[in-house]
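Coordinate inspection notes
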Amino acid sequence: MRVSILTRSIDWASLPARALRAANQRYFVLTCITSLLAVLPIAILGWDAANKSLGPNPLERLLRAPGRWALILLLIVLLATPLRRVLTHVMRKTGIRYGRRLADWNWMIRLRRPLGLASFFYAVIHVGWYVWLDLRFNWDELIRDLSNKPYIVAGMAAFLLLAPLAVTSTDGWMRRLKRNWKRLHFLIYPAAILAVLHFVWLSKEGVRDPYDYALALAVLLGYRIVALWLRLPEIMESPGGEAVDGGVRVGATERRDSNVGELS
Ligand code: HEM
């Protein structure tokens, strides 16, 4: 379908395909947009704090909101790989012309790095505010919390697992660690499990919210296990691996075989 606007004509039918191509080619722009969106929740929190409209329990909101966003972003990172595969499958089955190759959705895989960093950013704020606003830097209190509250232990463990992933997320560390980089970044799975446990354990009985997150994580991990069992090639890609033109960049090398046979 072509529509003429003055002298220019827009081919509406090819717009989605062009948008996908642009997303794959303009990674920097996409990263900037994603990063801006990812900092929106903290900007809103800051705005509400400045206007003294944090609600009836400001401390609780300040502490809990970043924790919630850290977890949401972590789950989005884990969603990228299965979603890419499902979308490719749907496009093929429905005969839609665009998005039929895994490589068409590479931008999703590449966005995992900024999203993962955003998740860690929120975790740092969450933990920082806990130590500052809740504990008032009383380290004895922290030791007491760690020995009395299992949910604090789970949160701390999740945080300690996420920290090396954030530090080593640069291209330099990818090159230095080579294959070990992939191994290291599998820590995202225990980190996500511990973060969900943290949420479940801290919540009052009867609150459904944390179980929704637990279910989402179970589905995402279930996908990984089934894919591993069916030996889907892409499962060999680590959650932080970066897809490049239908392959996966691991350290300084590009493994182009990961999506071999995916082109239809
Ligand atoms: C040293 C590490 C951590 C400590 C000490 C900690 C501590 C806390 C505390 C004190 C609360 C509020 C409990 C309450 O209000 O009764 C909380 C809530 C929460 N934390 Fe953490 N946390 C840690 C790490 C993490 C990490 C790494 C994540 C996620 C990746 C996370 C996700 C959450 C979530 C989702 C909530 C509940 C938010 C809500 O109810 O909306 N926490 N955490």
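In case you missed it, the structure is sitting above this.
Keep in mind the model is a prediction, meaning the values are calculated, not measured. (Residues numbered from 1 in each chain as written. Predicted model: local features only at pLDDT ≥ 70, side-chain atom pairs only at ≥ 80, totals over all residues.)

Right, let's talk about the site of the ligand for a bit. Residues in close proximity to the ligand total 23 residues, the closest being Arg64, Gly67, Ala70, Gly155 and Ala195. Here the shell around the ligand takes eight residues from helix H4 (residues 58–94), the largest share from any one element. Looking at the shell around the ligand, its residues break down into 15 nonpolar, four polar and four charged. (Near = placed C-beta within 6 Å. Helix = DSSP H or I, 4+ residues; strand = E, 2+ residues; numbered from the N terminus. Nonpolar A, V, L, I, M, F, W, Y, C, P; charged D, E, K, R; others polar.)

As a further point, take the packing of helix H6 (residues 112–134) against helix H8 (residues 150–167). Look at H6 against H8: their axes get within 10 Å of each other, and the N-to-C directions meet at 135°. Accordingly, the angle class assigned to the pair H6 and H8 is oblique. Once H6 is placed against H8, the crossing between them reads as left-handed. Contact residues: Gly116, Leu117, Phe120, Ala123 and Val127 in H6; Phe159, Leu162, Leu165 and Ala166 in H8. Within the contact of H6 with H8, the residues separate by chemical class into eight nonpolar, one polar and no charged. (Axes fitted to C-alpha atoms, helices over the stretch in contact; angles between N-to-C directions. Parallel < 35°, antiparallel > 145°, perpendicular 65-115°, else oblique. Left-handed = near helix turned anticlockwise from the far one by under 90°. Contact = placed C-beta atoms within 7 Å.)

Here the focus is the nonpolar core. Ranked by size, the top nonpolar core spans 37 residues in total, and within it Ala70, Leu73, Leu74, Val77, Ala191, Ala192 and Ala195 carry the most contacts. When contributions to this core are tallied by element, the ones reaching two or more residues are H4, helix H5 (106–110), H6, H8, helix H11 (188–202) and helix H12 (209–229). Of all the elements, H4 adds the most residues to this core, at 10 residues. In contact with Ala70, not counting residues within four places along its chain, are Ser119, Tyr122, Ala123 and His126. (Core = buried A, V, L, I, M, F, W, Y, C linked by C-beta atoms within 7 Å. Buried ≥ 20, exposed ≤ 12 C-beta atoms within 10 Å, placed from the backbone.)

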